[in-house]
Amino acid sequence: MTRLRKFYGWGFEGEGMTAAEEEAWLGNFRRLFAVDRFEERRVPSLPDISLPVPRVTPPALLEAICSVGPYERALHSFGKSYPDTVHGLQGNYAAAPDVVTYPRTGSEVAEVIDWAGSLPLSVIPFGGGSSVVGGVDPAPGRGAKGSISLDLSRMNRVLEVDQTSRAARIEGGIFGPALEADLRPHGLTLRHFPQSFEHSTLGGWIATRSGGHYATSRTHIDDFVESLRVVTPRGALETRRLPASGAGPNPASLFIGSEGTLGVITEAWMRLTPRPRRRSSAAVWFADFFQAAAALRTLLQAGLQPANCRILDPEEVRNTASGDGSSALMVLGFEGWDRPLDDLLSRALALAADHGGRAEHAEPGQGAAEKWRTAFIRMPYARERMVPRAIISDTFETAITWERFGSLHAAVTRATLGAIREATGRPGQITCRITHVYPDGPAPYFSFHALGRHGALIEQWQAIKNAASDALIAAGGTITHHHAVGRDHRPWYDKERPDLFGAAFAAAKSALDPGLLFNPGVLTGP
Ligand SMILES: Cc1cc2nc3c(=O)[nH]c(=O)nc-3n(C[C@H](O)[C@H](O)[C@H](O)COP(=O)(O)OP(=O)(O)OC[C@H]3O[C@@H](n4cnc5c(N)ncnc54)[C@H](O)[C@@H]3O)c2cc1C
């Protein structure tokens, strides 16, 4: 039986938070905002939603792979950002794509692009639709007669496995679980696990330079891409399969992170590894977050490469029920194939102890690391239940070199809390964890929570987002370590990237997509 993905919220139809999980979140928020109850609005169901009449009809040649059905158009109207969810709550589907297309081959992708170019129509590549930055919202380009969502989900196969070089040729629309299931019989794995793994695709990961968890050494999808096949309005291109090359700028790099602006990533050869056979992990407590950060830096600079290494500030610990909120937590894990890992873990624990870290001794299954992991996996289901209660709860992330981490953390915390108070008239919360880390700096991940007002949620969210993003950029960070740019991060991306680079990228786009059909407003253009 085919399971349908929800057009509002996270996951498949029928999935969501349990009553106990919901009560735990609400209990936290009641305490935080000092309120007894929340004003809850009803989420429109599909029959309640009025979608605009499609402005175009697919040609007979493409009819078999097109849909103008309400469910398909609603599903492709938004990604999973905070404003997307508010629009969903408000039943605001005015920007729904006119047509959703489901090509099955690279040739069909080219046919869809030809049709779009003939009218013209904007083309929005759509993988899992898990974008949190407005990357899949069908914004029509200048002069476009409408927009189509180009859904890759029917291009979902592992086509070839090369055991000798340990790589596989894989179609861009495959979702995380199917990809790993298809590699399993070969004893291989990509081992790239974004939190959105279950509902995002290989093509989407490559297009957004996604960051995996369990991946301190190989974090971004970039590290796994051996070669790419891309279909653009000017034709298809394929980069050469090589372990490495010094021949000028890397052609694949132009498309890794291109966020659907240059064409469609239809296939990639991906580097694989054998499935890990050994694991060793621990939880370590610290008196405060900055002590934990110092330990983290020492670990990475000592050349240890734990598969998983993250730290949580005390409030993040309390919010995720991993502890009582009096200490910061480090979750540490090593993975490997042949040799025992205990010596690596012992060395890491010794270095952590030098910074005051106390290793936890817990019953199996009862430790802080397991509690954190459960909360982490269940977290994505919260937003769809909190937005109807006017709760503004979102995350943003960055990366910064170590010597500026403290000042960035202080500036971002101050700016965000100030903006929450100004926008909502009451205090809120910001928490921080470090989910990815490098020898020269961490990638801090912030969550903020505020109580908004129905009717003003997007404006209030935007005011907080602006203040936080301004502070990130002013403190020297990047607007995103792994969430991508999309439309939501565009103003700060334009500040971060050099102007000449912006001009060069715009020229590359004009060369590949002269009609400017692809994903208007993302990365470049008006
Ligand atoms: C709950 C949650 C947790 C998340 N956790 C992580 C995380 O841990 N790490 C992380 O990096 N991100 C995370 N994200 C963000 C998101 O999942 C990533 O950006 C992911 O890579 C998007 O993949 P997707 O298949 O859903 O792409 P989509 O959201 O469908 O598309 C993203 C962008 O890529 C373009 N695109 C998609 N497919 C293609 C293609 N084949 N060719 C060309 N362009 C294409 C789209 O046009 C769009 O601009 C999370 C999001 C959510 C909602």
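Now for a quick tour of the structure. A quick note: this is a predicted structure, and the numbers were derived from the prediction, not measured. (Residues numbered from 1 in each chain as written. Predicted model: local features only at pLDDT ≥ 70, side-chain atom pairs only at ≥ 80, totals over all residues. Heavy atoms only, no water.)

**Considering the pairing of strand S4 (residues 147–151)**
Most of S4 is tucked away: five of the five residues are buried. Of the two faces of S4, the one carrying Ser-147, Ser-149 and Asp-151 and the one carrying Ile-148 and Leu-150 are both buried. (Buried < 20%, exposed > 50% of the residue type's maximum accessible area, 1.4 Å probe, protein only. Helix = DSSP H or I, 4+ residues; strand = E, 2+ residues; numbered from the N terminus.)

**Examining the site of the ligand**
Looking at the ligand, there are 35 residues lining it, with Pro-125, Gly-127, Ser-130, Ser-196 and Thr-201 nearest. Take Gly-260: an N or O atom from its main chain is 3.4 Å from a nitrogen atom of the ligand. A distance of 3.1 Å is found between an oxygen atom of the ligand and a side-chain nitrogen or oxygen belonging to Asn-519. For the ligand, whose unbound accessible area comes to 960 Å², protein coverage reaches 96%. Listing elements by their share of the shell around the ligand, those giving two or more residues are strand S3 (122–126), helix H6 (202–208) and strand S10 (264–271). (Near = heavy atom within 4 Å. Polar contact = N/O pair within 3.5 Å; in protein donor to acceptor, adjacent residues only side chain to side chain. Areas by Shrake-Rupley, 256 points an atom, 1.4 Å probe, with all protein chains shown as cover.)

**A short note on the packing of helix H8 (residues 289–301) against helix H13 (residues 405–424)**
Axis separation between H8 and H13 bottoms out at 12 Å; the angle between their running directions is 145°. Crossing of H8 over H13 shows right-handed handedness. Facing Phe-289, Phe-290 and Ala-293 of H8, the residues of H13 in contact are Phe-405, Gly-406 and His-409. Residues that form the contact of H8 with H13 fall into these classes: four nonpolar, two polar and no charged. (Axes fitted to C-alpha atoms, helices over the stretch in contact; angles between N-to-C directions. Left-handed = near helix turned anticlockwise from the far one by under 90°. Contact = heavy atoms within 4.5 Å. Nonpolar A, V, L, I, M, F, W, Y, C, P; charged D, E, K, R; others polar.)

**Some thoughts on the pairing of strand S17 (residues 429–438)**
Within S17, nine of the 10 residues are buried, leaving the element largely enclosed by the surrounding structure. Sheet topology places strand S13 (residues 308–312) next to S17; two bridges connect them, and they run antiparallel. If you follow Ile-311 over to S17, its bridge partner there is Ile-434. Sheet topology places S17 next to strand S18 (residues 441–451); nine bridges connect them, and they run antiparallel. Considered in S18, the bridge of Val-437 is made with Pro-442. (Pairing = 2+ DSSP bridges.)

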